[in-house]
Amino acid sequence: VEYRRLGRLEFLSDPARQGRAKRETELAVRHWPAGPDGQPAQRIVSSEEASELEPCLATSGAPGILCNVTAYVAGHELCRSLQKACEVRGVNVQE
């Protein structure tokens, strides 16, 4: 099953979202393991740092939240593999 750890950068233009992002980041750092490079799972970045990370995106001066552990999994492959595993164990799968 295809799996890629890509990370995620979200710009925080709304002040209320900035406050929530700070709390989310504190929880993420406390409860999630660090990324493979030892970086914290998630952190708040300045507008300038966000621009350095993704120079083709306009930041409008807003800070961002960088999640180093966000990943992508191919959902259709995962479901197909789960279906095969269930069928091997005798589960009758109805579509």
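In the block above lies the structure referred to throughout.
Note that the structure is predicted; figures quoted are calculated from it, not measured.

Draft legend 1. Focus on the overall build of the chain. When helices and strands are tallied, the chain shows three helices and five strands. Here the C-alpha radius of gyration of the chain, 18 Å, is well above what a compact globule of 95 residues would show, namely 12 Å. Once the C-alpha set of the chain is aligned to its principal axes, its extents read approximately 55 × 30 × 30 Å. When each of the 95 residues of the chain is scored for burial, the buried share is 21%.

Draft legend 2. A look at helix α1 (residues 15–31). Along its 17 residues, α1 runs 25 Å from first to last C-alpha, staying within 8% of the 24 Å computed at 1.5 Å per residue. Summarising the contacts, the buried residues of α1 are in contact with β2 (8–11), β3 (42–45) and β4 (64–67).

Draft legend 3. Representation of a nonpolar patch on the surface in the model. On the surface, Val-1, Tyr-3, Val-73 and Leu-78 cluster together into a nonpolar patch covering about 370 Å² of accessible area. Tracing the chain through its elements places Val-1 in the segment before β1 (3–5).

Draft legend 4. Expanded view of the environment of Glu-95. Structurally, the position occupied by Glu-95 is in the segment after α3 (75–88). Separated by 3.3 Å, the side chains of Glu-95 and Gln-83 make a polar contact.

How each quantity is defined
- Residues numbered from 1 in each chain as written.
- Predicted model: local features only at pLDDT ≥ 70, side-chain atom pairs only at ≥ 80, totals over all residues.
- Heavy atoms only, no water.
- Helix = DSSP H or I, 4+ residues; strand = E, 2+ residues; numbered from the N terminus.
- Rg over C-alpha atoms; globule rule 2.2 N^0.38 Å.
- Buried < 20%, exposed > 50% of the residue type's maximum accessible area, 1.4 Å probe, protein only.
- Expected span 1.5 Å × (residues − 1).
- Contact = heavy atoms within 4.5 Å.
- Patch = residues over 30% accessible without salt bridge, like charges linked within 9 Å, V, L, I, M, F, W, Y side chains within 5 Å.
- Areas by Shrake-Rupley, 256 points an atom, 1.4 Å probe, with all protein chains shown as cover.
- Salt bridge = Lys/Arg side-chain N within 4 Å of Asp/Glu carboxyl O.
- Polar contact = N/O pair within 3.5 Å; in protein donor to acceptor, adjacent residues only side chain to side chain.

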